[in-house]
Amino acid sequence: MTGGKLRTTDFDYHLPPEAIAQHPGERGESRLLVLGRTTEERRFAELPDLLNPGDLLVVNDTRVMPARLRARRSTGGRVEILLVEPEGPASWWCLLRPGRRLAPGAPLAVEGGPAARVDERADGRFRLTFEQPIEPHLEDIGETPLPPYIDRPVEPRDRERYQTIYAARPGAVAAPTAGLHFTSALLDALERRGVRRASLTLHVGPGTFRPVKTERPEAHVMDAERFEIPAATAVAVAAARRSGRRVVAVGTTVVRTLETAATTDGLIAAGPGRTGLYIRPGYEFGVVDRLITNFHLPRSTLLMLVCAFAGRRRTLDAYRHAIRSGFRFYSYGDAMLVDRMR
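We now turn to the structure provided with this report. Note that the structure is a prediction, hence the values are computed from the model and not measured.

1. A word on the sheet that holds strand S10 (residues 125-130)
Part 1: Sheet architecture is closed into a barrel: six strands sit in the order S5-S6-S7-S10-S9-S8, paired in antiparallel fashion. Pairs of neighbouring strands in the sheet enclose a mean axial angle of 45 degrees, with direction left out of account.
Part 2: As paired strands, strand S7 (residues 91-97) and S10 are joined by four bridges and run antiparallel to one another. Among the inter-strand pairings, Trp93 is bridged to a residue of S10, identified as Arg127.

What follows is the structure, given as structure tokens:
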């Protein structure tokens, strides 16, 4: 089922601009809106009290690259490069801004790094070839790719703060933001509580922030993203489901990865893959029981996923509650703990 009778405007809500978090709070000190049988306001640090011993917490261990580069065209005009996905050590699919007049063959002088050439343009993206592998230069010349609704210059602390504490595998251009709330102390407390933890990797792409602009949600096309599920995680999910323990996804990226890899018996297949799974109301979940997530943009695929998980009216009512209560929204904002609607 796809929820085809719904329109994109059915996933709209009004958010005062001041509710968009422009700076991160202290890690672990955010607020938590619990959406279960009732709606309850808690602190994220109380998460161990809200999960059961034996619950399986699944996190996304992708690491955000300093993927934003500055360059100049042969005419001297400035160009911003956002690295998206590698095709090889020196070849990357990118977003360029502005990119309208950049045709294949156009040279780019990258500030502080190796020169590049536009090789191909397809579906709004550009394939660049650099004179030498670009990744070794990123820590020195790259900027943290903060999302567009954070309307301020990048600050030095963003390099660490726009990263989960368990980030391990570079490749994302956006953080799996539900994980930004965790601290080492909180993970230790969860372990003492008896909550188990497993990880997977989904390299978050720029499409995660892209609003749905079509009148009908089903006309929108998701960007495909790379993922990998370790064998140990597939085993842990299987054990949890067979014993009736809950699978708790930290973030929509984990939901999409687990549901993409789900087999007909509700288990998941290990290994690498790509997902363009587009979850919206009508989707039948096979793996995930609870979701930890931030508050998402109106008309976004992320909000549609949460609406599919918890119910559209229930979710939007919770968002209105959060706005009235002064919760902070989006990447550096507060969080929700959501029970799946049965």
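2. Side note on the packing of aromatic side chains
Part 1: On inspection of all chains with the given rule, the structure shows 13 aromatic pairs.
Part 2: Judged by centre distance (4.7 Å) and plane angle (50 degrees), the ring pair of Tyr149 and Tyr330 falls under tilted. Taken as a pair, Tyr149 in the loop between helix H2 (138-141) and helix H3 (158-161) and Tyr330 in the loop between helix H8 (312-324) and strand S17 (335-339) lie far apart in primary sequence, 181 residues in all. Just as Tyr149 is buried, Tyr330 falls in that class too.
Part 3: Measuring from ring centre to ring centre gives 5.2 Å for Phe295 and Tyr319, while their planes differ by 75 degrees; the resulting arrangement is edge-to-face. Remark: Tyr319 occurs in helix H8 and Phe295 occurs in the loop between strand S16 (290-294) and helix H7 (301-310); sequence separation between them is 24 residues.

What counts and how
Each chain has its residues counted from 1, following the order in which its sequence is written. For this predicted model, a pLDDT threshold of at least 70 governs which residues receive local features, and a threshold of 80 or more governs which side-chain atom pairs are given and counted, while totals over whole chains, interfaces and linings are taken from all residues. Side-chain calculation: all heavy atoms of the structure are included, whereas hydrogens and water are not. At least two DSSP bridges between two strands are needed for those strands to be called paired. Counting from the N terminus, the helices are DSSP H or I runs at least four residues long and the strands are E runs at least two residues long. Orientation is described by axes fitted as lines to C-alpha atoms, over the contacting stretch for helices, and by angles from 0 to 180 degrees between their N-to-C directions. Two rings from Phe, Tyr or Trp (for Trp, the six-membered ring) form a pair when their centres sit within 6.5 Å of each other. Planes less than 30 degrees apart are called stacked, planes more than 60 degrees apart edge-to-face, and all others tilted. Summary of the burial criterion: residues with accessible area below 20% of their type's maximum are buried, those above 50% are exposed, and those between are partly exposed, where the area comes from a 1.4 Å probe applied to protein chains only.

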